[in-house]
Amino acid sequence: MAGSKKIMFVAGARPNFMKVAPPLQELRKHPEVFRTRLIHTGQHYDAEMSDVFFRDLELPRPDQFLGVGSGSHAEQTARVMVAFERVCVAERPHLVVVVGDVNSTMACAITAKKLCIPVAHIEAGLRSRDWTMPEEVNRVVTDAISDLLFTPAREADDNLVREGIPPERIYFVGNVMIDCLLAQLPKTEHRDTLQRFGVTAGNYATLTLHRPSNVDDPEVLSGIVEVMMELSRQLPIIWPIHPRSSKMLEQSGLLDRIARHADFKLTDPLGYLDMLTLTHRARMILTDSGGLQEEATVLGVPCITLRQNTERPVTVAAGANRLAGNQPEGIRAAIHSLLNGTRPNILIPELWDGKAAVRIVDVLMHFYAHG
Ligand code: UD1
């Protein structure tokens, strides 16, 4: 029957939207086989954390918006599960596709699985081995119950096999977020983002921070900010501030101190295209985001990660990324060596070629032809 397989995608938080767009758009090229649905859980809800990505990525409006909002981990996860269960019961999709590692990812995977609906996880197998990260819990739980696991790197396959996941469920397809990046990059060519911030290409750093381990502890946050104020005297810094971080900066009184540094430029969270423009042209990226480590790698921009570990070691092996921890000495040393050393030779990881979504759709075609 034409379009008989109903594939339901879930997106909830900012880093999900660019991972959903490529496979959704690719599946829509096969209406004779697939019908797609997009469910937005509402984990992120501010216009600059959500709507702007739908515009920039030309994503279709979600078929349903669950409006779960913020809360503790248990509250948020529970609200997603209750709301998503109703959707699944009413719609009975043939497959639920979850992406990444946010609370919505795990909540929807568990919900679908308990209704005996098959689950596919895109970006499976990443491991930081840091159980203080809520995302690590989300990753391990989601992978343990997924029927199809699409991985972005070979080491992810190894992680899954080590955890006892049957190899026939694992497909190394490459990185869908890089599909999105390569598709959108031409749109950034004539964007005025740099002019708006008064910087020129190669002469500024881009900073992002949002991990609880960096921003929820005022001592850690103030140590990082101190080093950034020093750097801003040499190299302007643009910092799009995540809502979690802006609350903490306000509470700790750090916001006023930063505002006195003209070359430390703070801004609200940016949309996809502005952020991509800023990443592409930066001298360096300073971040605790997983996605930015990958984007910097593909764009050939050196990245300093303000964490002790990464679930994306392929970015370190590629020569793009170094782990500096979140203490001032480590961050200072990493910045110093980037500013004073030779520019690293950066390699593009295997299958980060813009075709991951095509490979995923091939697998799904095969799955339904023979499954
Ligand atoms: C979530 C994900 C994290 C991801 C990040 C990207 C989990 C466990 N964490 O973290 O993996 O890297 O998104 O941004 O799923 N808030 C707003 N407006 C919004 C959304 C949130 O103001 O649109 C504020 C709320 O005060 C909220 C806080 O930000 O309490 C944190 O939001 P939440 O979704 O709980 O976690 P993130 O830190 O955004």
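Our structure is the block above this text.
Reading the values: the criteria
- Residues numbered from 1 in each chain as written.
- Predicted model: local features only at pLDDT ≥ 70, side-chain atom pairs only at ≥ 80, totals over all residues.
- Heavy atoms only, no water.
- Buried < 20%, exposed > 50% of the residue type's maximum accessible area, 1.4 Å probe, protein only.
- Helix = DSSP H or I, 4+ residues; strand = E, 2+ residues; numbered from the N terminus.
- Arc of directions from axis to C-beta.
- Contact = heavy atoms within 4.5 Å.
- Near = heavy atom within 4 Å.
- Polar contact = N/O pair within 3.5 Å; in protein donor to acceptor, adjacent residues only side chain to side chain.
- Areas by Shrake-Rupley, 256 points an atom, 1.4 Å probe, with all protein chains shown as cover.
- Pairing = 2+ DSSP bridges.
- Axes fitted to C-alpha atoms, helices over the stretch in contact; angles between N-to-C directions.
- Expected span 1.5 Å × (residues − 1).
- Core = buried A, V, L, I, M, F, W, Y, C linked by side-chain atoms within 4.5 Å.
- Parallel < 35°, antiparallel > 145°, perpendicular 65-115°, else oblique.
- Left-handed = near helix turned anticlockwise from the far one by under 90°.
- Nonpolar A, V, L, I, M, F, W, Y, C, P; charged D, E, K, R; others polar.

A. Quick look at helix α6 (residues 154–162). By the burial criterion, the buried members of α6 are Ala156, Asp157, Asn159 and Leu160. Relative to the axis of α6, the buried residues are bounded by an arc of 160° and lie together on one face. Contact partners of the buried residues in α6: α5 (134–145), β6 (148–151) and β7 (170–172). Immediately beyond the C-terminal end of α6, within one or two residues, lies Gly164, with a positive phi of roughly 90°.

B. Representation of the site of the ligand within the structure. In the vicinity of the ligand there are 19 residues, among which Asn103, Glu135, His210, Arg244 and Lys247 approach most closely. His210 has a polar side-chain atom sitting 2.8 Å from an oxygen atom of the ligand. The side chain of His242 places a nitrogen or oxygen atom 3.0 Å from an oxygen atom of the ligand. Taken by itself the ligand offers 740 Å² of open surface, and the protein chains cover 88% of this.

C. How the structure looks around the sheet that holds strand β9 (residues 237–240). Ordered by their spatial adjacency, six strands build an open sheet running β10-β9-β8-β11-β12-β13, and the pairing between neighbours is parallel. Looking at the sheet topology across the chains shown, the edges are occupied by β10 (264–267) and β13 (321–323). Here the strands of the sheet are splayed against their neighbours by 20° on average, with no regard to which way each runs. Here β9 runs beside β10; their pairing, made up of four bridges, is parallel.

D. How the structure looks around the sheet that holds strand β4 (residues 95–99). Strand order in the open sheet formed by seven strands is β3-β2-β1-β4-β5-β6-β7, and the pairing between neighbours is parallel. For this open sheet the edge positions go to β3 (64–65) and β7, each flanked by a neighbour on one side alone. Bridging between strand β5 (residues 119–122) and β6 involves three bridges; their strand directions are parallel. Looking across to β6, one finds that Ala120 is bridged to Leu148. Strands in contact with helix α1 (residues 14–27) are β1 (5–11), β2 (34–40), β4 and β5; relative to β1, the strand with the most contacts, it is inclined by about 165°.

E. Looking closely at the side chain of Thr279. Looking at where Thr279 falls in the secondary structure, it is placed in helix α13 (residues 272–281). Judged by its relative accessible area of 1%, Thr279 is buried. Setting aside residues up to four positions removed in sequence, Thr279 forms contacts with Ile285, Leu292, Ala296, Leu299 and Val301.

F. Expanded view of helix α3 (residues 73–91). A rise of 1.5 Å per residue sets the reference length of α3, with its 19 residues, at 27 Å; its end C-alpha atoms lie 27 Å apart and thus fit the reference within 8%. Where α3 is buried, its residues contact β1, β2, β3, β4 and α4 (103–114). Following α3 by one or two positions, Arg92 has its phi on the positive side, about 40°.

G. Examining the nonpolar core more closely. Judged by nonpolar contacts, the single largest core of 58 residues is most densely connected at Leu59, Phe150 and Tyr272. The contact partners of Leu59, leaving out residues within four places of it in the chain, are Phe17, Val20, Ala21, Leu24, Leu38, Phe53 and Phe54. Within the second largest apolar cluster, 31 residues are counted, among which are Val215, Val227, Leu231 and Leu235.

H. Region of interest: the side chain of His44. Its place among the elements puts His44 in the loop between β2 and α2 (51–56). Reaching out from His44, the side chain makes a polar contact with the backbone nitrogen of Arg14 at a distance of 2.9 Å. The residues contacting His44, other than those within four sequence positions of it, are Gly12, Ala13, Arg14, Met49, Ser50 and His242.

I. The packing of α1 against helix α17 (residues 356–370), seen in detail. Remark: α1 packs on α17, axes separated minimally by 9 Å, with the N-to-C direction vectors making an angle of 50°. In terms of orientation, α1 lies oblique with respect to α17. The handedness of the crossing between α1 and α17 is right-handed. Contact residues: α1 offers Pro22, Pro23, Glu26 and Leu27, while α17 offers Ala357, Val358, Val361 and Leu364. Along the lines of polarity and charge, the residues of the contact of α1 with α17 split into seven nonpolar, no polar and one charged.

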